[in-house]
Amino acid sequence: MKSTLLLPTLLALAGGVSAALNVTGSTCTVTPLASTNGQEPDDTPQILDAFKQCGKNGKVILTEGLFHIGKVMDLKDLQNVDVEIHGTLRWSSDIQYWLRNSIGVEYAQRSTAWRVGGQDIRIRGFGKALFDGQGQLWYDENRSGSNQAGRPISFTLWHAKNVLIDGITWRQSQFWHTFVAYSENITMTNLDMNSTSNSQWSTVNTDGTDTWNSKDVFIKNWTVTCGDDCIAVKGNSTNIQVSNVHCYESGCAVIGSLGNNPGNAPDFVQDVTFDNITCTHSSNAAWIKTYSGTGRVKNVTFSNIVSENVNQPIYVTSCIYTARGCDTSRLPIQDVRWINVTGTSRYNIASAIHCSASNPCSGFSFENVSITPLDGRSTPKYLCSNINGQAESGIPCTGTCPADWPQQLSGNR
């Protein structure tokens, strides 16, 4: 069997550096480089070389140790490859490089540090792989701003089909942890994500994952602390199945945002299930947010949702963030079920649903929804507006929900 040992010339000249890439047949094994004279190496070239040589009908192994990632990684044509990650990937602190060079992913001018595409891709971390985005640098540099151009998503699946992502931990992600775009038959299991700021500046936009223009996505056994949406299903996502997820300090389980596209292009979301989701000290639990654009949300189930000190557990709006066009939206929301949603709300609002007057919600239902205000004294309120068939829905409306009702509250209302 053919075996070669590759040593980058520049590193060899530095002296005393072990070879980074070993190729044996169709298996490429990458070992992290050691620091030289106190300078961090860049392991990106040998990782990219490994995928170039073994990314089709092969195996790429990143051994234990610390890999320094100093450049973008764009791997769009992988085929039938097994990827084993046993060590830590740490993205460099060169913010200006990432702002200039992160890879565009179309959606809302977002970009990414690592893009993976192709077919039949299996990436396993065995509970040992760690992705370290050095996010605190980004949180401080961003100063709680929203959607900074060039701030990179950690990991993106792009035009990918038949993919398994399993057993990876994220800490201090630069931006969103993961993004699934133009992809199908994606399984993401046993993932652990935590991005928490230790300064005056909040993390902002460190979502656990967002799906967009994708179908047949299966998410199971995640733990996420992120300060923003935990699992967000965005436009043109179909058959998204999410189960056994614990979200802390997040937006938890959400459809949206939708309906804010260039040229008013429609957003369709259909056949989504969130099951066995625990939301702890979060802004919302099981909710839907759209702008007053075009498209449709249909056939969504939130089941077995536990709300632990959640600001406003159930929330539906047709004019998120703007309070404009709330009653003229052309994006109907249909056939949404909340089943076994229990626990506590931070204040006295258990549910606030405002649907568009021009496109009332239909097919909404509550079954065993029981949310108690955290103070143990207040009576929970369920606010509703423009729901067709509300009397038969099981939703115990106690009052109307104004069009400009906020996503988060600061006290009892």
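Here the residue numbers are simple positions, counted from 1 along each chain's written sequence. The predicted nature of this model means local features are confined to residues of pLDDT at least 70 and side-chain atom pairs, given and counted, to a pLDDT of 80 or more, with totals for whole chains, interfaces and linings taken over all residues. Derived side-chain values reflect all non-hydrogen atoms in the structure, with water molecules and hydrogen atoms excluded from consideration.

### Here's the deal with the layout of surface pockets
Where we set the bar: A pocket here means an open set of points on a 1 Å grid, computed over the protein atoms alone, that has protein on both sides within 12 Å along at least five of seven lines. A cavity is instead a set of points where a 1.4 Å probe fits but cannot get out; residues with an atom within 4 Å of a point line either one. Grid points are joined across faces, edges and corners, and a volume is the space filled by probe spheres set on the points. In this text, helices come from DSSP runs of H or I with a minimum length of four residues, and strands from runs of E with a minimum of two, each type numbered from the N-terminal end. In this classification, Asp, Glu, Lys and Arg are treated as charged, Ala, Val, Leu, Ile, Met, Phe, Trp, Tyr, Cys and Pro as nonpolar, and every other residue, Gly included, as polar.
Taken as a whole, the largest pocket spans an internal volume of roughly 810 Å³. What lines the largest pocket is a set of 37 residues, among which Asn205, Asp228, Asp229, Lys289 and Tyr321 lie closest to the centre. Of all the secondary-structure elements, those providing two or more residues to the lining of the largest pocket are strand S19 (253-258) and strand S21 (286-290). Its residues placed into classes, the lining of the largest pocket shows eleven nonpolar, 16 polar and ten charged.

### Regarding the nonpolar core
Where we set the bar: We define the nonpolar core as a collection of buried residues of types Ala, Val, Leu, Ile, Met, Phe, Trp, Tyr and Cys that are connected through side-chain atoms lying within 4.5 Å of one another. Exposure categories follow from relative accessible area, calculated using a 1.4 Å probe and restricted to protein chains: below 20% of the type maximum is buried, above 50% is exposed, and the middle band is partly exposed. Pairs of residues are marked as contacts when any of their non-hydrogen atoms sit within 4.5 Å.
With 94 residues, the main nonpolar core has Leu89, Trp114, Ile255, Phe274, Phe302, Trp338 and Phe364 as its most contacted residues. Among the elements that take part in this core, strand S12 (residues 155-171) stands out by supplying seven residues, more than any other. Setting aside chain neighbours within four positions, we find tryptophan 114 in contact with Met73, Leu75, Ile85, Leu89, Trp91, Phe131, Ile153, Ser154, Phe155 and Thr156. Counting residues in each nonpolar core, the second largest holds 13 residues, with Trp287, Tyr291, Ile349 and Leu409 among its members.

### Some points on the confidence of the model for the chain
For clarity, the cut-off: On a range of 0 to 100, pLDDT expresses the predictor's confidence in each residue.
Scored by pLDDT, the chain has a mean of 95; 95% of the residues are at 70 or more. Contacts for the low-pLDDT stretch residues 1-18, under 50 throughout, to residues beyond four places or in other chains number 29 contacts.

### Remarks on helix H2 (residues 44-54)
Residues of H2 that are buried include every one of Thr44, Gln46, Ile47, Ala50, Phe51 and Cys54, and no others. Tucked inside the fold, the buried residues of H2 contact strand S2 (21-24), strand S3 (27-30), strand S4 (56-62), strand S5 (66-69) and strand S6 (73-85).

### Remarks on helix H4 (residues 135-142)
Our working rule: Starting at the helix axis, one direction is taken to each C-beta atom, and the arc is that of these directions.
For H4, the full list of buried residues reads Gly135, Gln136, Trp138, Tyr139 and Asn142. One side of H4 carries all its buried residues, which in axial view fall inside an arc of 160°. Residues of H4 that are buried make contact with helix H3 (95-101) and strand S11 (152-153). Arginine 143 sits one or two positions beyond H4 and adopts a positive phi of about 55°.

### Things to note about the pairing of strand S23 (residues 314-317)
To keep things clear, this is the line we draw: Pairing between two strands is assigned when DSSP locates at least 2 bridges connecting them.
Judged by which residues are buried, S23 turns out to be covered on both faces: Ile314 and Val316 on one side and Tyr315 and Thr317 on the other are all buried. Relative to S23, S21 is paired through four bridges, and the arrangement is parallel. Counted as the bridge partner of isoleucine 288 is valine 316 from S23.

### Points about the state of the cysteines
Selection rule: Here, the term disulfide refers to a pair of cysteine sulfur atoms separated by no more than 2.5 Å.
In total, this model carries six disulfides according to the counting rule given. Each disulfide pairs two cysteine sulfurs, and for cysteine 252 the partner residue is cysteine 279, the sulfurs being separated by 2.0 Å. The sign of the S-S torsion, about -80°, decides the handedness of the disulfide formed by cysteine 252 and cysteine 279: left-handed. Here cysteine 252 is found in the loop between strand S18 (237-248) and S19, whereas its partner cysteine 279 is found in strand S20 (residues 267-280), with 27 residues between them in sequence. Both residues of the pair, cysteine 252 and cysteine 279, belong to the buried class. Between cysteine 384 and cysteine 397 runs a disulfide, and the two sulfur atoms are separated by 2.0 Å. Given an S-S torsion of about -100°, the disulfide between cysteine 384 and cysteine 397 has left-handed geometry. Of the two residues, cysteine 384 is situated in strand S27 (residues 381-385) and cysteine 397 in the loop between S27 and strand S28 (399-400); the sequence distance between them amounts to 13 residues. Ordinal numbering of bonded cysteines along the chain defines a disulfide pattern of 1-2, 3-4, 5-6, 7-8, 9-10, 11-12. Free of any disulfide, cysteine 226 has its nearest neighbouring cysteine sulfur in cysteine 230, separated by 5.4 Å.

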